[in-house]
Amino acid sequence: MVNTGDTAWILTSASLVLLMTPGLALFYGGMVRVKSVLNMMMMSFGALGLISVLWVVYGYSLAFGDDIGGGLLGSPTQYFGLRGLMEDTTSAEGGLPAMAFVGFQAVFAIITVALISGAVAERMKFGGWMVFAGVWATLVYFPVAHWVFDFSVGDHVGGWIANDLAAIDFAGGTAVHINAGAAALALAMVMGVRRGFGAEVMRPHNLPLTMLGAGLLWFGWFGFNAGSAVAANNTAAVAWMNTLVATAAASLAWLATEKLMGGYATSLGAASGVVSGLVAITPACSSVSPMGAIAVGGVAGVLCSLAIGLKFRLGYDDSLDVVAVHLVGGLWGTIAVGFLATAAAPAGIDGLLYGGGMDQLWRQVVGASAVLAFSFVMTYVIARVLDSTIGLRVSEEHEDAGVDVAVHAEQSYDLGAIS
């Protein structure tokens, strides 16, 4: 029998997570200059279209098919085209239709790819981005999703991080945020800096759009985290509450940090703090208490705010701070499980500060490090190959004029048409 309550919750959660990608488009779109808004938003919408198709054709099979060796990759042919899944209610736990789980995981793949785009804002060809997105999803995201999200059940053998290492990543601190953040760093290094980087002030053109996007991300993230319980149960409720309070604490901490460091508490800081808290609590929301969630979010707000300056000191142009927010926030949230997990939470594990010793901490560190290294190296190689073949960067003339007109033949605000 299909569990209709759980099915309704997982489909609702999938819809919430789907909304995160348009929310990300607004968040990123408001942060770039006016001449590149549409291109920035199109990178998110392009990922939404492309990854949806790839997920159905072979992505789900690579991620959740039976393991074909060492916990590294699922069988690419087992669920090719989602064959055999339309009437299957046994592939997921609790009477959940298999297709509901397929859809829920699809939107995770979409948002992960879209996150990377913020690192190369205002200078990447749209066609180059689409090719990169497809190759990266195939060679990096789908395998890592198998490592982290595919649990062994019955005769089914899943990924090595979920089963052999037993690191806790409830909703994607490694598979989504560390993965996307490391990829963003590698891609930004290959692409090089924007013209005028470090010499010109490149202010966000529309902060209300960014704040709206942050609000939609926060809203959708309840599906991201609470939906990862894959049931309408106590675990989902705890994850929901921890997501709320960690995010709030991170936003406050980011505002306090920038007030102390620069004298102002900004709207961009509030929005960025929201996202940093969401990122950090993602892997930990089933394993910490609400007070622990406040600690996770508060530390994330400070760390991610301070990490913004790394790109200026180290010379890489991560345009919209994907590295500072997603890589740093994802690392902290994943490793924080090893310190702050409590057996009173649904995951039932004690971290170092709750008397659990180093056991869970080393597992978290190994899982985070493995995903970071794999994603960075693979992305760097992919980007180098594509840049030397099809070329990834627009010309200097098009970058100066703005990618919107040069690539899409459109402008975001046609003010001349106003009479």
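In what follows, the structure referred to is the one given above.
Residues numbered from 1 in each chain as written. Predicted model: local features only at pLDDT ≥ 70, side-chain atom pairs only at ≥ 80, totals over all residues. Heavy atoms only, no water.

As for the overall build of the chain
Piece 1. Along the backbone of the chain there are 15 helices and 0 strands.
Piece 2. In terms of overall size, the chain behaves like a compact globule, its C-alpha atoms giving a radius of gyration of 20 Å where 419 residues would be expected to give roughly 22 Å.
Piece 3. In terms of overall dimensions, the chain has a C-alpha envelope of 60 × 50 × 45 Å along the principal axes.
Piece 4. Counting all 419 residues of the chain, 57% fall into the buried class.
Piece 5. Of the contacts formed within the chain by residues at least 6 apart in sequence, a portion of 75% connects residues at least 24 apart.
Piece 6. Between the averaged position of the 14 positive side-chain charges in the chain and that of its 26 negative side-chain charges there is a distance of 14 Å. (Helix = DSSP H or I, 4+ residues; strand = E, 2+ residues; numbered from the N terminus. Rg over C-alpha atoms; globule rule 2.2 N^0.38 Å. Buried < 20%, exposed > 50% of the residue type's maximum accessible area, 1.4 Å probe, protein only. Contact = heavy atoms within 4.5 Å. Lys, Arg positive; Asp, Glu negative; His and termini not counted. Charge placed at Lys NZ, Arg CZ, Asp CG, Glu CD.)

Brief notes about the pattern of salt bridges
Piece 1. Under the definition given, this model contains 10 salt bridges.
Piece 2. Where aspartate 317 meets arginine 194, a salt bridge forms, and the shortest distance between an N and an O atom there is 2.8 Å. Separated by 123 residues along the polypeptide, aspartate 317 in the loop between helix 11 (310-314) and helix 12 (322-340) and arginine 194 in the loop between helix 6 (173-191) and helix 7 (207-226) bring together distant segments of the chain.
Piece 3. With a relative accessible area of 0%, aspartate 317 lands in the buried category.
Piece 4. One salt-bridge network, in which partners are shared between bridges, spans Arg33, Glu122, Arg123, Arg194, Glu200 and Asp317. (Salt bridge = Lys/Arg side-chain N within 4 Å of Asp/Glu carboxyl O.)

Regarding helix 10 (residues 290-307)
Piece 1. An ideal rise of 1.5 Å per residue puts 26 Å on 18 residues; helix 10 measures up with 25 Å between its terminal C-alpha atoms.
Piece 2. Buried within helix 10 are the following residues: Gly292, Ala293, Val296, Gly297, Gly298, Ala300, Gly301, Cys304, Ser305 and Ala307. (Expected span 1.5 Å × (residues − 1).)

A closer look at a nonpolar patch on the surface
Piece 1. Judged by side-chain polarity, Leu260, Met261, Val302 and Leu306 come together as a nonpolar surface patch covering roughly 440 Å² of accessible area.
Piece 2. Of all the secondary-structure elements, those providing two or more residues to the nonpolar patch are helix 8 (234-262) and helix 10.
Piece 3. Topologically, leucine 260 is positioned in helix 8.
Piece 4. The exposed category is assigned to leucine 260, whose relative accessible area is 76%. (Patch = residues over 30% accessible without salt bridge, like charges linked within 9 Å, V, L, I, M, F, W, Y side chains within 5 Å. Areas by Shrake-Rupley, 256 points an atom, 1.4 Å probe, with all protein chains shown as cover.)

Overview of the packing of aromatic side chains
Piece 1. Tallied over the entire structure, the rule returns 19 aromatic pairs.
Piece 2. Among the aromatic side chains, those forming a connected cluster through ring pairs are Trp55, Tyr58, Tyr60, Phe64, Tyr79, Phe101, Tyr141 and Phe142. (Phe/Tyr/Trp six-rings, centres within 6.5 Å; stacked < 30°, edge-to-face > 60°.)

Notes on the environment of phenylalanine 64
Piece 1. Its place among the elements puts phenylalanine 64 in helix 2 (residues 37-64).
Piece 2. Taking relative accessible area as the criterion, phenylalanine 64 reaches 4% and is therefore assigned buried.
Piece 3. The spatial distance from the C-alpha of phenylalanine 64 to the C-alpha of alanine 100 is 14 Å, given a sequence separation of 36 residues.
Piece 4. Setting aside residues no more than four positions away along its own chain, phenylalanine 64 makes contact with Trp55, Tyr79, Phe101, Gln105, His146, Phe149, Asp150 and His156.

Structural notes on unusual backbone geometry
Piece 1. Backbone geometry at leucine 82 places phi at a positive 60 degrees, although glycine is not the residue there.
Piece 2. Mapped onto the secondary structure, leucine 82 falls in the loop between helix 2 and helix 3 (98-116).
Piece 3. Judged by its relative accessible area of 10%, leucine 82 falls in the buried class.
Piece 4. For valine 230, which is not glycine, the phi dihedral falls at a positive 55 degrees.
Piece 5. With respect to the secondary-structure elements, valine 230 resides in the loop between helix 7 and helix 8.

A short note on the side chain of arginine 363
Piece 1. With respect to the helices and strands, the residue arginine 363 is situated in helix 13 (residues 359-389).
Piece 2. Of note is the side chain of arginine 363, whose polar atom sits 3.2 Å from the side chain of aspartate 359.
Piece 3. With residues near it in sequence (within four places) discarded, arginine 363 still touches Asp164, Leu165, Ala166 and Ala167. (Polar contact = N/O pair within 3.5 Å; in protein donor to acceptor, adjacent residues only side chain to side chain.)

Observations regarding the packing of helix 1 (residues 4-31) against helix 3
Piece 1. Interhelical geometry of helix 1 versus helix 3 gives an angle of 15 degrees and a closest axis separation of 8 Å. With respect to their mutual orientation, helix 1 and helix 3 come out roughly parallel. The hand of the helix 1/helix 3 crossing is left-handed. Contact residues: helix 1 offers Ile10, Leu11, Ser13, Ala14, Val17, Leu18, Met20, Thr21, Leu24 and Tyr28, while helix 3 offers Ala100, Gly103, Phe104, Val107, Phe108, Ile110, Ile111, Ala114 and Leu115.
Piece 2. For the contact of helix 1 with helix 3, the residue count by class is 16 nonpolar, 3 polar and no charged. (Axes fitted to C-alpha atoms, helices over the stretch in contact; angles between N-to-C directions. Parallel < 35°, antiparallel > 145°, perpendicular 65-115°, else oblique. Left-handed = near helix turned anticlockwise from the far one by under 90°. Nonpolar A, V, L, I, M, F, W, Y, C, P; charged D, E, K, R; others polar.)

A short note on helix 9 (residues 267-281)
Piece 1. Here helix 9 contains 15 residues, and its C-alpha end-to-end distance of 22 Å stays within 8% of the 21 Å for a straight helix at 1.5 Å per residue.
Piece 2. With 13 of its 15 residues buried, helix 9 lies for the most part within the structure.

A word on the environment of alanine 341
Piece 1. The topology assignment puts alanine 341 in the loop between helix 12 and helix 13.
Piece 2. Judged by relative accessible area, alanine 341 falls into the buried class, the value being 0%.
Piece 3. In this structure the C-alpha to C-alpha distance between alanine 341 and glycine 356, which are 15 residues apart in sequence, comes to 8.7 Å.
Piece 4. Apart from the residues lying within four places of it in its own chain, the contact partners of alanine 341 are Ser287, Val288, Ala336, Ile349, Asp350, Gly351 and Tyr354.

Re the side chain of glutamate 122
Piece 1. Within the element layout of this structure, glutamate 122 appears in the loop between helix 3 and helix 4 (126-149).
Piece 2. Here glutamate 122 falls in the buried class, since its relative accessible area comes to 4%.
Piece 3. Among the polar contacts listed, one links the side chain of glutamate 122 to the backbone nitrogen of arginine 33, at a separation of 2.8 Å.
Piece 4. In contact with glutamate 122, not counting residues within four places along its chain, are Val32, Arg33, Ser36, Arg194, Glu399 and Val403.

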